[in-house]
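Reading the structure
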Amino acid sequence: MNSIDRSLPVAAYFQIAHDLKSRISSGEWNATRKLPSETQLAQDYSVSRMTIRQAISELDKDGLVMRRQGAGTFIEDTSPNHGRVTVTMEASLSVSQALIDMGYNPEVLLIRACELSDPPGEVVRALRLGEGETVAHFQRNFVVDGKCVVVTRSYLPNKLVEGILDNPLEGESIQRTLYERYGYRDELCQRWIEAIGASDEDAELLGVDVGSPLILLTSLFFDYRSLPIDYVRTVWPGDSIRIFLEQRIGFSE
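Residues numbered from 1 in each chain as written. Predicted model: local features only at pLDDT ≥ 70, side-chain atom pairs only at ≥ 80, totals over all residues. Heavy atoms only, no water.

**A few points about the overall build of the chain**
Within the chain, the secondary structure is distributed over 7 helices and 10 strands. When burial is assessed residue by residue, the chain has 39% of its 253 residues classed as buried. In the chain, of all internal contacts separated by at least 6 residues, the share reaching a separation of at least 24 is 55%. In the form shown here, the chain has an accessible surface area of approximately 14,800 Å², with 47% of it arising from carbon and sulfur atoms. (Helix = DSSP H or I, 4+ residues; strand = E, 2+ residues; numbered from the N terminus. Buried < 20%, exposed > 50% of the residue type's maximum accessible area, 1.4 Å probe, protein only. Contact = heavy atoms within 4.5 Å. Areas by Shrake-Rupley, 256 points an atom, 1.4 Å probe, with all protein chains shown as cover.)

Structural data, given as structure tokens:
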């Protein structure tokens, strides 16, 4: 029996979650990759099934387990090539490469490629567009096993990329197309990270409920002349990505 120290100012479910993580790490259930039933765990820890359910929810949040309706709770593969992807903001974010690092083989679908004569205000401001200037707009969906997992929407000043809509993207990549076709090489990228609720359109594309948490990465790329060349909004399901930020701290009196 696994006891809970009720003298500690720590909730029972949290103690159980910590203990279950240790047992998973030790390989106790490697043979079946499945946790005992809630009823069995409740008996083992001398708590209610509700407490066990809360503990398992903590494991679920950390991506350690997956609940399957009618089948039980299974241990997820937590090797580096599976689960949640970590994106380092010092590096250039490639959605395809991030998904490959997760162990997937993504298919890139070009959903929309068109000219916008009246782009959104945020695009106008970011790209420093003048009155009447248009943008080339691309929407690409990244699909894994038939399911859309990431959506990107890119906006480029038409005056800098004339004809980009007339031919397919080079290797399905906008950045590669900008370099190989126009000679533009990114010199600077600014990024903003936001938690947003899924819109009707994104909820349908990503197969989540309207209002579900999503991570929005907004990126603004500049060329060597400090001209904004590409404004990109990338939407990820909130449970599939985490952001790693690193900053060197200098000491000064």
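**What about the nonpolar core?**
Counting 19 residues, the largest nonpolar core has Ile 16, Tyr 45, Ile 52 and Leu 59 as its most contacted members. Put simply, the parts of the chain that give this core at least two residues each are α1 (12-25), α2 (38-45) and α3 (49-61). Formed by 13 residues, the second largest nonpolar core is a distinct cluster that contains Ala 136, Leu 156, Val 161 and Ile 229. (Core = buried A, V, L, I, M, F, W, Y, C linked by side-chain atoms within 4.5 Å.)

**Notes on the sheet that holds strand β5 (residues 135-144)**
Within the open sheet, the 6 strands sit side by side as β4-β5-β6-β9-β8-β7. Their pairing is antiparallel. Pairing within the sheet leaves two strands with one partner each, and these edge strands are β4 (107-116) and β7 (188-197). Strand-to-strand twist of the sheet, defined as the mean angle between neighbouring strand axes without regard to direction, takes the value 15°. In the sheet, strand β8 (residues 213-222) pairs with strand β9 (residues 228-237) via 9 bridges, with the strands oriented antiparallel. Within β9, the position partnered with Ser 219 by the bridge is Val 232. (Pairing = 2+ DSSP bridges. Axes fitted to C-alpha atoms, helices over the stretch in contact; angles between N-to-C directions.)

**Points about the packing of aromatic side chains**
For any pair of aromatic rings, the description rests on two quantities: the centre-to-centre distance and the angle between the ring planes. Taken as a whole, this structure holds 2 aromatic pairs when the rule is applied. With a centroid separation of 6.3 Å and an interplanar angle of 45°, the aromatic rings of Tyr 155 and Tyr 231 are classed as tilted. Taken together, the positions of Tyr 155 in strand β6 (residues 147-157) and Tyr 231 in strand β9 put the pair 76 residues apart, joining distant regions of the chain. Given the relative accessible area of 7%, Tyr 231 is considered buried. Measuring from centroid to centroid gives 6.3 Å for Tyr 182 and Tyr 184, while their planes differ by 15°, and the two rings are stacked. Note on Tyr 184: relative accessible area 12%, which makes it buried. Note that Arg 68 overlies the ring of Phe 74, its terminal NZ or CZ placed 4.3 Å from the centroid. (Phe/Tyr/Trp six-rings, centres within 6.5 Å; stacked < 30°, edge-to-face > 60°. Lys NZ or Arg CZ within 6 Å of the ring centre and 35° of its normal.)

**Here we look at the pattern of salt bridges**
Scanning the entire structure with this criterion turns up 10 salt bridges. The partner of Glu 38 in a salt bridge is Arg 53, with the nearest N and O atoms 2.8 Å apart. One end of the pair, Glu 38, is in helix α2; the other, Arg 53, is in helix α3, with 15 residues separating them in the sequence. One salt bridge in this structure joins Arg 153 and Asp 202, with 2.8 Å as the shortest N-O distance. Of this pair, Arg 153 sits in strand β6 while Asp 202 sits in helix α7 (residues 200-206), placing them 49 residues apart in sequence. Across this residue pair, the class does not change: Arg 153 and Asp 202 are buried. A single salt-bridge network, built from bridges that share partners, covers Glu 38, Arg 49 and Arg 53. (Salt bridge = Lys/Arg side-chain N within 4 Å of Asp/Glu carboxyl O.)

**A closer look at the side chain of Thr 152**
Inspection of the secondary structure puts Thr 152 in strand β6. On the accessibility criterion, Thr 152 (2% relative accessible area) is buried. In this structure, Thr 152 is in contact with Val 95, Phe 138, Gln 139, Arg 140, Phe 142, Val 232, Arg 233 and Thr 234, ignoring residues within four places of it in sequence.

**Thoughts on the packing of α2 against α3**
At a minimum axis separation of 9 Å, α2 and α3 run at an interaxial angle of 105°. Accordingly, the angle class assigned to the pair α2 and α3 is roughly perpendicular. Residues Glu 38, Thr 39, Leu 41, Ala 42 and Tyr 45 of α2 form the contact with α3, whose participating residues are Arg 49, Ile 52, Arg 53 and Ile 56. For the contact of α2 with α3, the class distribution of residues is 5 nonpolar, 1 polar and 3 charged. (Parallel < 35°, antiparallel > 145°, perpendicular 65-115°, else oblique. Nonpolar A, V, L, I, M, F, W, Y, C, P; charged D, E, K, R; others polar.)

**Quick notes on the pairing of strand β2 (residues 72-75)**
Pairing of strand β1 (residues 65-68) with β2 involves 4 bridges; the strand directions are antiparallel. The partner of Val 65 across the bridge, within β2, is Ile 75. Counting the residues in the hairpin turn of β1 and β2 gives 3 residues, including Gly 70, whose phi is positive at 80°.

**Topic: unusual backbone geometry**
For Glu 172, which is not glycine, the phi dihedral falls at a positive 60°. Relative to the elements of secondary structure, Glu 172 occurs in the loop between β6 and α6 (174-182). Residue classification places Glu 172 among the partly exposed positions, given a relative accessible area of 46%.

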